[in-house]
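Report on the structure
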Amino acid sequence: PANVEIDYTAVYVKRDGKWLLDRVTDKAKEIVPSHYEQLKELEWMVGQWTSNTDNAEVELDCNWTKNRNFLTRAFKITIDGNAIASGMQLIGWDPATKTVRSWTFDSNGMFAEATWEQTCGRWFLRNRGTLPDGRAATMVNVMQQVDANSFTWQTIERTAGGELLPNIDEIRIVRQ
């Protein structure tokens, strides 16, 4: 079968001055596929990041999972010194739709799923989720790498329960 390696062991014994093969055992070892090739464009996100504006701070910690099939991104948002949300995002390659997707869960009970698309050097994360009260929510996060140690983040086209909400201004996030 494809994607299988074989580990084998051969045991020799010495009899009458000659080496003889006593036994051979083998065991199939499945090779775990990696979607690193499809996700390597996002490798720049790995690390610890922060953003300080006048009244808000965003903290991010992004890491690869084993086999580099997913990126995990923990986040914390603080406004006027009060932690308003923290959570986890899982980013991976969907081989069925051939696109980058993410799943986000926050401490307030919101969860969302997004498809990622790169256009003109910017990533557009089209989110569809559920708010803690059960209302549907949508938003587009726009992320652009500025250099090796910074990127910008903006949230546009936000809706909650079908109502249009204001955009969130672009912020600059820097590597710690």
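Preceding this paragraph is the structure being described.
On a predicted model such as this, the values are computed, not experimentally measured, just so you know. (Residues numbered from 1 in each chain as written. Predicted model: local features only at pLDDT ≥ 70, side-chain atom pairs only at ≥ 80, totals over all residues. Heavy atoms only, no water.)

Notes on a nonpolar patch on the surface
- Taken together, the side chains of Ile 6, Tyr 8, Tyr 12, Trp 19, Leu 21 and Val 24 define a hydrophobic patch exposed on the protein surface, amounting to about 740 Å² of accessible area.
- Within the residue set of the nonpolar patch, elements represented by two or more residues are β1 (4-15) and β2 (18-30). (Patch = residues over 30% accessible without salt bridge, like charges linked within 9 Å, V, L, I, M, F, W, Y side chains within 5 Å. Areas by Shrake-Rupley, 256 points an atom, 1.4 Å probe, with all protein chains shown as cover. Salt bridge = Lys/Arg side-chain N within 4 Å of Asp/Glu carboxyl O. Helix = DSSP H or I, 4+ residues; strand = E, 2+ residues; numbered from the N terminus.)

Some words on the side chain of Gln 89
- Relative to the elements of secondary structure, Gln 89 occurs in strand β6 (residues 82-94).
- Here the side chain of Gln 89 touches Thr 104 through a polar contact of 3.0 Å, side chain to side chain.
- Among residues more than four places away in sequence, those in contact with Gln 89 are Leu 71, Thr 72, Arg 73, Ser 102, Trp 103, Thr 104, Trp 116 and Leu 125. (Polar contact = N/O pair within 3.5 Å; in protein donor to acceptor, adjacent residues only side chain to side chain. Contact = heavy atoms within 4.5 Å.)

Overview of the packing of aromatic side chains
- One pass over the full model with this rule turns up five aromatic pairs.
- Arranged with centres 6.2 Å apart and planes meeting at 90°, the rings of Trp 44 and Trp 49 form a pair that is edge-to-face. With respect to class, Trp 44 is no different from Trp 49; both count as buried.
- Counting every residue linked through ring pairs, the aromatic cluster contains Trp 44, Trp 49 and Phe 151.
- Taking the ring centre of Tyr 36 as reference, the NZ or CZ of Arg 68 above it sits at 5.0 Å. (Phe/Tyr/Trp six-rings, centres within 6.5 Å; stacked < 30°, edge-to-face > 60°. Buried < 20%, exposed > 50% of the residue type's maximum accessible area, 1.4 Å probe, protein only. Lys NZ or Arg CZ within 6 Å of the ring centre and 35° of its normal.)

Without other data, these values stay purely geometric and don't point to any function.
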